[in-house]
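So the chains spell out like this:
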Amino acid sequence: MTTPAPKDLDELMQRVDDMAGLTLGQLASHHGIPVPENLRRDKGWTGQLIETHLGATAGSKPMQDFIHLGVELKTIPLSLSGSPLETTYVCVAPLINIQGLCWQDSLVKHKLQRVLWVPIEGDRQIPVAQRRIGTGILWEPNNDEEQLLKQDWEEIMELIALGKVESVSARHGDVLQLRPKAANSKVVTEAIGKEGKTIMTNPRGFYLKTGFTASILARAFG
DNA sequence: TTCTGATCATAG
DNA sequence: CTATGATCAGAA
């Protein structure tokens, strides 16, 4: 059961509203998809399920979600008290050939220009099949939010450009952080090292901290 | 309890 | 390996 791509924003949001309030189990059975016991070996399962229902690019290829609508889809796991449980992965961080790269041209800015957030109960006490899907919200960063993102991005990218990528921890940045992003710690990629030499290091990705996503949801739901 | 660093599955 | 989708789980 695959859903065709939505033709416009109204159709997309209609589908979002249709699934609000359902459990993951209900949505999965509707699409004939088995529900895993837990997400330990299926970390991307929830995101894939929502993509299937909304008609995003069929579960394979490098994803562009709803490229024709300029929308990026993100699911966000919520605790019982309604706050985000996890940081939100944005994209990989470029570690080489970054001279002259500015915020306006960055992957982070482009990915976050317009995001469809779908909150989902994520407390580990709740069986996956019984977790409920919330009301999706379409978000675009306001000036304050973009400035916060831009500042953190520029600070982190400067350190990478200076060959200090291995000294950047998840503690850098207020709303955006740099963390490992790979199958495991043995995976390496090229990066800039001391004195401009090329080194091999663990790939990194940009993540939105939970406080930032929490404020986005707060702004949407009042 | 929260956060950071590590990890899982899949496709090309 | 890169990139998609993220959560796990031990340390702090």
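Reading the values: rules and limits
- Position numbers for residues start from 1 in each chain and track the written sequence from start to end.
- Written order decides the labels, with chains lettered from A and ligands numbered from 1.
- With the structure being a predicted model, the display of local features is reserved for residues of pLDDT at least 70 and the display and counting of side-chain atom pairs for 80 or more, all residues being used for whole-chain, interface and lining totals.
- Calculation of side-chain values draws on the structure's entire complement of heavy atoms; hydrogens and water are dropped beforehand.
- Each helix is a run of DSSP H or I of at least 4 residues and each strand a run of E of at least 2, with the numbering of both proceeding from the N terminus.
- We compute the radius of gyration from the C-alpha atoms alone; for a globule the expected value is 2.2 Å times N to the 0.38, where N is the number of residues.
- Partly exposed describes any residue whose relative accessible area lies between the buried limit of under 20% and the exposed limit of over 50%, with all areas from a 1.4 Å probe on protein chains only and scaled to the type maximum.
- We count Lys and Arg on the positive side and Asp and Glu on the negative side, and we leave His and both chain ends out.
- Lys charges are placed at NZ, Arg charges at CZ, Asp charges at CG and Glu charges at CD.
- Working definition: residue near molecule or strand if any one of its non-hydrogen atoms lies within 4 Å of it.
- Here a polar contact is taken to be a pair of N or O atoms separated by no more than 3.5 Å, where protein atoms must pair a possible hydrogen donor with a possible acceptor and residues adjacent in sequence count only if both atoms sit in side chains.
- The classification used treats Ala, Val, Leu, Ile, Met, Phe, Trp, Tyr, Cys and Pro as nonpolar, Asp, Glu, Lys and Arg as charged, and all other residues, Gly among them, as polar.
- For this analysis, a nonpolar core means a set of buried residues of the types Ala, Val, Leu, Ile, Met, Phe, Trp, Tyr and Cys, connected via side-chain atoms within 4.5 Å.
- Only strands that DSSP links by at least two bridges are regarded as paired with each other.
- Each axis is a line fitted through C-alpha atoms, taken for helices only over the stretch in contact, and angles between the N-to-C directions span 0 to 180 degrees.
- An expected span of 1.5 Å times one less than the residue number is assigned to each helix.
- To be clear, the arc concerns the directions from the helix axis to the C-beta atoms.
- Only heavy atoms enter the contact rule, under which two residues are in contact if any of them lie within 4.5 Å.
- In this analysis the probe radius is 1.4 Å and the grid spacing 1 Å, with only protein atoms considered; a cavity is a set of points the probe fits into but cannot get out of, a pocket is an open set with protein on both sides within 12 Å along at least five of seven lines, and lining residues have an atom within 4 Å of a point.
- Grid points are joined across faces, edges and corners, and a volume is the space filled by probe spheres set on the points.
- Here, a salt bridge means any Lys or Arg side-chain nitrogen found within 4 Å of an Asp or Glu carboxyl oxygen.

Colleague: Looking at this structure, I do not really get the overall build of chain A. What am I missing?
Modeller: Summing up its helical and strand segments, chain A has six helices and eight strands in all. In summary, chain A has a C-alpha radius of gyration of 18 Å against a globular reference of 17 Å for 222 residues, a match within 12%. If you line up chain A on its principal axes, its C-alpha atoms span 55 × 40 × 35 Å. Expressed as a percentage of the 222 residues in chain A, the buried residues total 41%. Charged side chains in chain A number 24 positive and 26 negative. The centres of these two groups are separated by 7 Å.

Colleague: Please clarify how the protein's contact with DNA strand B should be interpreted in this entry.
Modeller: Contacts to DNA strand B come from 15 residues, most closely from R41, A170, R179, A182 and S185. Take K43: an N or O atom from its side chain is 3.5 Å from a base oxygen of DNA strand B. When the residues that make up the surface near DNA strand B are grouped by side-chain class, the tally is four nonpolar, five polar and six charged.

Colleague: Is there a simple way to explain the nonpolar core in this structure?
Modeller: Buried together is how nonpolar side chains tend to be arranged in soluble globular proteins. Membership of the largest hydrophobic core comes to 32 residues, with the highest contact counts inside it found for V108 and F206. Per-element accounting of this core gives the leading share, six residues, to helix 5 (residues 143–161). Counting residues in each nonpolar core, the second largest holds 21 residues, with M13, W45, L69 and L116 among its members.

Colleague: Explain the sheet that holds strand 8 (residues 204–208) here, please?
Modeller: Sheet strands line up and pair through hydrogen bonds in the backbone, either parallel or antiparallel. Pairing in this open sheet of three strands is antiparallel, and the strands run 2-8-5 from one edge to the other. Of all the strands in the sheet, just strand 2 (88–92) and strand 5 (176–180) have a single pairing partner and so form its edges. Strand-to-strand twist across the sheet, computed as the mean angle between neighbouring axes with direction ignored, equals 35 degrees. For strand 2 and strand 8, the ladder comprises four bridges, and the chain directions are antiparallel.

Colleague: What's the story with helix 6 (residues 210–221) in this structure? I'm lost.
Modeller: Side chains three or four residues apart in an α-helix point the same way, a direct result of the helix having 3.6 residues per turn. Over its twelve residues, helix 6 extends 16 Å from the first C-alpha to the last, a length consistent with the 16 Å expected when each residue adds 1.5 Å. Of the residues making up helix 6, those classed as buried are F212, T213, I216 and L217. Buried residues in helix 6, looked at end-on, bunch into an arc of 135 degrees, giving them a common side. Of the surrounding secondary structure, the elements contacted by the buried residues of helix 6 are strand 1 (72–78), strand 2, strand 3 (115–121), strand 4 (137–139), helix 5 and strand 8.

Colleague: Looking at this structure, I do not really get the layout of surface pockets. What am I missing?
Modeller: The rolling of a water-molecule-sized probe over the atoms marks out the regions of remaining empty space. Put simply, the largest pocket is a space of about 1,500 Å³. Lining of the largest pocket is provided by 39 residues; of these, K43, G44, T75, P77 and T87 occupy positions nearest its centre. Taken together, the elements giving at least two residues each to the lining of the largest pocket come down to helix 3 (45–54), strand 1, strand 2 and strand 3. For the lining of the largest pocket, the element with the most residues is strand 1, which contributes six residues. The residue inventory of the lining of the largest pocket, partitioned by class, reads 15 nonpolar, nine polar and 15 charged.

Colleague: For this particular structure, what's the right way to read the pairing of strand 3?
Modeller: The two faces of the sheet receive side chains in turn, since in a regular strand these alternate between them. A large share of strand 3 lies buried, amounting to six of its seven residues. Here strand 1 pairs with strand 3 via seven bridges, running parallel. Looking across to strand 3, one finds that E72 is bridged to V115. Pairing analysis gives three bridges linking strand 3 to strand 4, with the strands arranged antiparallel. Each bridged residue has a counterpart across the sheet, and for L116 the counterpart in strand 4 is L138.

Colleague: What should I look at first to understand the pattern of salt bridges in this one?
Modeller: Should the charged atoms of two oppositely charged side chains come close, the side chains can pair. Tallied over the entire structure, the rule returns ten salt bridges. Two residues, D8 and K7, come together in a salt bridge whose shortest N-O distance is 3.9 Å. Residue K7 is classed as exposed on the basis of its relative accessible area, which comes to 62%. With its nearest N and O atoms 2.7 Å apart, the salt bridge here joins R219 to E145. With R219 in helix 6 and E145 in helix 5, the pair connects residues that are 74 residues apart, well separated along the chain. Look at R219 and you get partly exposed, because its relative accessible area is 43%. The exposure class of E145 is buried, given its relative accessible area of 6%. A cluster of three or more residues bridged by salt bridges with shared partners is formed by K7, D8, E11 and R15.

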